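# Examining the three-dimensional arrangement
What follows is each chain in one-letter form.
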Amino acid sequence: MKQRTPVVVNILIIIGLLIVFYYLFVQSYSFLTSPYFWGTVVISAILAYIHSAIGDLIENNKFKKLSAEEKAAYLAEKKIPFLRRMYDAAFKKQSDTEEKDILIDHGFDGIMELDNQLPKWWVGLFYFGTAFCIVYVAAFSFTDFAHPLSEYEKEYKEQMAAIEIYNASQPPVTIETAKYSADNIAEGKELFKTNCASCHKEDGSGGIGPNLTDNFWINQPEKTLFKNVFHMDWNGSPNNPTMRPFGKNGEVSGAEIEKIAAYVYHINQEMPPVTPAQGGAAPQGTEAHWEKE
């Protein structure tokens, strides 16, 4: 007669499975504070105790039918701790006598096969994997769980909501508050490509619009280069309607202009100018004498 798993171990396994299945559908551990989850745990524990009590009755009835030697062997095995029994079942090597009892009457190339039982931990993992697969497939098929598009839409909405909250809580960037930061150069480059490259080329060397890498500027309303670029991008050029007021028109925000100005400052002050010999536009306007930022 086989030894049964202690009810405490069964309850721990049930709690672990409940946590896994709840997480599948909730997608967070917030359910750990829910009374419904703990109610399920209590009900499951009660059912486990009832199942154990019924098992005890069946076990006692079978025990009465054993011989004296079988009763002694059963009681001796029952004294062995559960974890020790599990370890022995998984790793203990059979004796020669035990191997003869489970030897299968066929072999190949001198190798004989034993009719070993699968380890209980392996069987448990197999059944758990099967149950998990069934629940996962059902959840994937009939709910929004694990759908990439649904998860993307949810995360996208959460991120957009977070951006809106951030923008609402932050004052808009103006020419007075804008500051140069090297951290803005990379994003400013991408914004420049989208909004400015059609006239100034991607490297700022000029084409339809003037060369932004040299030190000659048509419009110089501000004393510093960074502020000057911000001013022009926000207000546009009084000399050329093609250079429209991107900021005032709402085409780009103050925060985006701050990044564009950082990129223009970078290619003008921290990079060598693109000369006409290198394909840059010829200087236009007058030479600028910018104050330091």
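Thresholds, definitions, all that
Residues numbered from 1 in each chain as written. Predicted model: local features only at pLDDT ≥ 70, side-chain atom pairs only at ≥ 80, totals over all residues. Heavy atoms only, no water. Helix = DSSP H or I, 4+ residues; strand = E, 2+ residues; numbered from the N terminus. Rg over C-alpha atoms; globule rule 2.2 N^0.38 Å. Contact = heavy atoms within 4.5 Å. Areas by Shrake-Rupley, 256 points an atom, 1.4 Å probe, with all protein chains shown as cover. Lys, Arg positive; Asp, Glu negative; His and termini not counted. Charge placed at Lys NZ, Arg CZ, Asp CG, Glu CD. UniProt positions renumbered as here; feature names shortened; annotations may be inferred. Axes fitted to C-alpha atoms, helices over the stretch in contact; angles between N-to-C directions. Parallel < 35°, antiparallel > 145°, perpendicular 65-115°, else oblique. Left-handed = near helix turned anticlockwise from the far one by under 90°. Nonpolar A, V, L, I, M, F, W, Y, C, P; charged D, E, K, R; others polar. Core = buried A, V, L, I, M, F, W, Y, C linked by side-chain atoms within 4.5 Å. Buried < 20%, exposed > 50% of the residue type's maximum accessible area, 1.4 Å probe, protein only. Phe/Tyr/Trp six-rings, centres within 6.5 Å; stacked < 30°, edge-to-face > 60°.

Where an unreviewed UniProt entry is consulted, the protein appears under the name Cytochrome c oxidase cbb3-type subunit 3, with the organism given as Chryseobacterium geocarposphaerae.

### With respect to the overall build of the protein
If you tally the helices and strands in the protein, you get 11 helices and four strands. In summary, the protein has a C-alpha radius of gyration of 38 Å against a globular reference of 19 Å for 293 residues, an excess of more than 25%. C-alpha atoms of the protein, sized along the principal axes, occupy 115 × 55 × 35 Å. Long-range pairs, those at least 24 residues apart, make up 61% of the contacts in the protein with a sequence separation of at least 6. Per element, the accessible surface of the protein, about 20300 Å² overall, is 62% carbon and sulfur. In the protein, 26 positive and 36 negative side-chain charges are present, and the distance between their average locations comes to 11 Å.

### Observations regarding the UniProt feature "domain: Cytochrome c" (unreviewed entry) in the protein
What UniProt calls "domain: Cytochrome c" (unreviewed entry) maps, in this numbering, to residues 183-268. Here residues 183-268 runs as 48% helix and 2% strand, with 16 Å between its end C-alpha atoms.

### Notes on the packing of helix α10 (residues 225-235) against helix α11 (residues 254-269)
α11 packs onto α10 with a crossing angle of 130 degrees between their chain directions and a minimal axis gap of 9 Å. With respect to their mutual orientation, α10 and α11 come out oblique. Considering the relative orientation of α10 and α11, their crossing is right-handed. In contact with Leu-225, Phe-226, Val-229, Phe-230, Asp-233 and Trp-234 of α10, α11 contributes Gly-254, Ile-257, Glu-258, Ile-260, Ala-261, Ala-262, Val-264, Tyr-265, Asn-268 and Gln-269. Taken together, the residues of the contact of α10 with α11 sort by class into 11 nonpolar, three polar and two charged.

### What to know about the nonpolar core
Residues Phe-192, Trp-217 and Val-264 are the most contacted members of the largest nonpolar core, which totals 25 residues. Residue assignment for this core shows that the elements contributing at least two residues are α8 (185-195), α10 and α11. The element that contributes the greatest number of residues to this core is α11, accounting for eight residues. The residues touching Phe-192, leaving out its near neighbours within four places in the chain, are Ala-197, His-200, Lys-201, Glu-202, Gly-204, Leu-212, Ile-260, Tyr-263 and Val-264.

### Notes on the packing of aromatic side chains
Centre distance and the angle of the planes are the two values used to describe a pair of aromatic rings. The full count for this structure, using the stated rule, is 17 aromatic pairs. Where Trp-122 meets Phe-126, the ring centres are 5.9 Å apart and the plane angle is 5 degrees; that geometry is what we call stacked. Taken together, the residues span about one helical turn, with Trp-122 and Phe-126 both in helix α6 (residues 120-142) at a distance of four residues. The exposure class assigned to Trp-122 is partly exposed, which follows from its relative accessible area of 41%. Using a relative accessible area of 45% as the deciding quantity, one classes Phe-126 as partly exposed. Taken together, the aromatic side chains of Tyr-22, Tyr-23, Tyr-29, Phe-31, Phe-37 and Trp-38 make up a single cluster linked through ring pairs.

### Concerning unusual backbone geometry
Positive phi values are uncommon outside glycine, yet Lys-201 reaches one of about 70 degrees. Considering the arrangement of structural elements, one finds Lys-201 in the loop between α9 (197-200) and β3 (216-217). A residue is classified by how much of its surface remains accessible, and Lys-201, at 38% relative accessible area, is partly exposed.

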